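Per-entry structural report
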Amino acid sequence: MSFDRRAFRNALGCFATGITVITTATDAGETFGLTANSFSSVSLDPPLVLFCLGKTSNNLDVFTSSGRFAVNVLAEGQRDLSVRFSTAFGDRWEGLTWETWETGAPILAGCLASMDCATEAVHDAGDHVIMVGRVKRLASVAEGKPLLYYKGDYAGITDQG
Ligand SMILES: Cc1cc2nc3c(=O)[nH]c(=O)nc-3n(C[C@H](O)[C@H](O)[C@H](O)COP(=O)(O)O)c2cc1C
């Protein structure tokens, strides 16, 4: 390998992404979630999406066993949610509003888009697993700006012209 960890992270950080909160729930309705920018579309037909989950995550077991997850795409005003679901916050769900659709994974209020997914596959990938989901139901807003992540920091879209 001709580069170190820092150089790798710097290169990856040049790829601007949106930010999601990925949620799941047990059959008993206990809710879990974490902030993730590794979300990607995979397939249009069938409708598949993915995100990568670190093997050190406290949520690894529940995500790989629940059979469901929801992708909640954050809007620019939801930075607090990103912080809440990526740090030791106490109860990440305190004071939040959410609903469930088909799978039972929590759909957070006020997001740009939400996708309710049945877990299609879990692939081993280095220090992460790749969670592939089949989208069962979705919603998105026509207007609104996304919260972005770039070079290790939060960013937003600036309209030009
Ligand atoms: C902007 C941002 C993006 C992140 N993306 C991911 C990701 O794609 N996958 C991941 O496993 N962790 C990601 N993290 C880190 C997790 O959110 C963080 O480690 C969280 O504390 C995990 O919680 P848990 O251990 O309770 O699951 C990201 C954090 C931030 C701030």
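All of these numbers come straight from a predicted model, not from anything done at the bench.

1. With respect to the packing of aromatic side chains
With the rule as written, the count across this model stands at 6 aromatic pairs. Judged by centre distance (5.6 Å) and plane angle (70°), the ring pair of Tyr149 and Tyr154 falls under edge-to-face. Cluster of aromatic residues (ring-pair linked, three or more members): Phe51, Phe63 and Phe69.

2. Points about the sheet that holds strand 12 (residues 153–156)
Pairing is antiparallel in the open sheet, where 3 strands are placed in the order 1-11-12. One side of each edge strand has no neighbouring strand; the edge strands of this open sheet are strand 1 (17–18) and strand 12. Examined bridge by bridge, strand 1 and strand 11 (residues 147–150) share 2 bridges and lie antiparallel to one another. Considered in strand 11, the bridge of Thr17 is made with Tyr149.

3. Some points on unusual backbone geometry
Of note, the bond from Asp45 into Pro46 is cis; its omega dihedral lies within 30 degrees of zero at 5°. Although it is not a glycine, Lys151 adopts a positive phi angle of roughly 50°. For Lys151, a relative accessible area of 54% gives the class exposed.

4. Overview of the UniProt feature "domain: Flavin reductase like" (unreviewed entry) in the protein chain
Mapped onto the present numbering, the UniProt feature "domain: Flavin reductase like" (unreviewed entry) falls on residues 12–156. As a span, residues 12–156 carries 10% helix and 49% strand, and end to end its C-alpha atoms are 18 Å apart.

5. Notes on the nonpolar core
Ranked by internal contacts, the top residues of the largest apolar core, which has 20 residues, are Ile22, Phe51, Leu53, Phe63 and Phe69. Grouped together as the second largest cluster of nonpolar side chains are 9 residues, Val21, Leu74, Leu81 and Phe85 included.

6. Side note on the side chain of Arg68
Tracing the chain through its elements places Arg68 in strand 6 (residues 68–73). Given the relative accessible area of 13%, Arg68 is considered buried.

7. What about the pairing of strand 5 (residues 48–54)?
Of all 7 residues making up strand 5, 6 are buried, and the element is well covered by its neighbours. Inspection of the sheet shows strand 4 (residues 40–43) paired to strand 5 by 3 bridges, in the antiparallel sense. Within the sheet, the bridge partner assigned to Ser43 lies in strand 5 and is Leu48. Remark: 4 residues form the turn of the hairpin made by strand 4 and strand 5, two consecutive strands paired antiparallel. The pairing of strand 5 with strand 10 (residues 128–140) spans 7 bridges and is classified as antiparallel. Across the sheet, residue Cys52 finds its bridge partner in strand 10, namely Ile130.

8. Points about the pattern of salt bridges
Oppositely charged side chains may form a pair once their charged atoms are brought near each other. Taken as a whole and assessed by the stated rule, the structure comprises 3 salt bridges. For Arg134, the salt bridge is made with Glu120, and the minimal N-O distance between the two is 3.1 Å. Of this pair, Arg134 sits in strand 10 while Glu120 sits in strand 9 (residues 113–125); the two residues are 14 residues apart in sequence, bridging distant segments of the chain. With a relative accessible area of 29%, Arg134 lands in the partly exposed category.

9. Looking at the site of the ligand
In the vicinity of the ligand lie 16 residues, with Ser38, Cys52, Gly54, Ser57 and Asn59 positioned nearest. The separation between an oxygen atom of the ligand and a polar side-chain atom of Ser38 is 2.5 Å. Between Asn59 and the ligand, the recorded distance is 2.6 Å, taken from a side-chain N or O atom to an oxygen atom. Notes on the ligand: free accessible area 640 Å², of which the protein chains cover 78%. In this structure the site holding the ligand corresponds to the largest pocket. Broken down by class, the residue content of the shell around the ligand amounts to 7 nonpolar, 8 polar and 1 charged.

Reading guide: rules and limits
- Residues numbered from 1 in each chain as written.
- Predicted model: local features only at pLDDT ≥ 70, side-chain atom pairs only at ≥ 80, totals over all residues.
- Heavy atoms only, no water.
- Phe/Tyr/Trp six-rings, centres within 6.5 Å; stacked < 30°, edge-to-face > 60°.
- Pairing = 2+ DSSP bridges.
- Helix = DSSP H or I, 4+ residues; strand = E, 2+ residues; numbered from the N terminus.
- Buried < 20%, exposed > 50% of the residue type's maximum accessible area, 1.4 Å probe, protein only.
- UniProt positions renumbered as here; feature names shortened; annotations may be inferred.
- Core = buried A, V, L, I, M, F, W, Y, C linked by side-chain atoms within 4.5 Å.
- Salt bridge = Lys/Arg side-chain N within 4 Å of Asp/Glu carboxyl O.
- Near = heavy atom within 4 Å.
- Polar contact = N/O pair within 3.5 Å; in protein donor to acceptor, adjacent residues only side chain to side chain.
- Areas by Shrake-Rupley, 256 points an atom, 1.4 Å probe, with all protein chains shown as cover.
- 1 Å grid on protein atoms, 1.4 Å probe; cavity = no way out; pocket = protein on both sides within 12 Å on 5 of 7 lines; lining within 4 Å.
- Sits in = over half its atoms within 2 Å of the grid points.
- Nonpolar A, V, L, I, M, F, W, Y, C, P; charged D, E, K, R; others polar.

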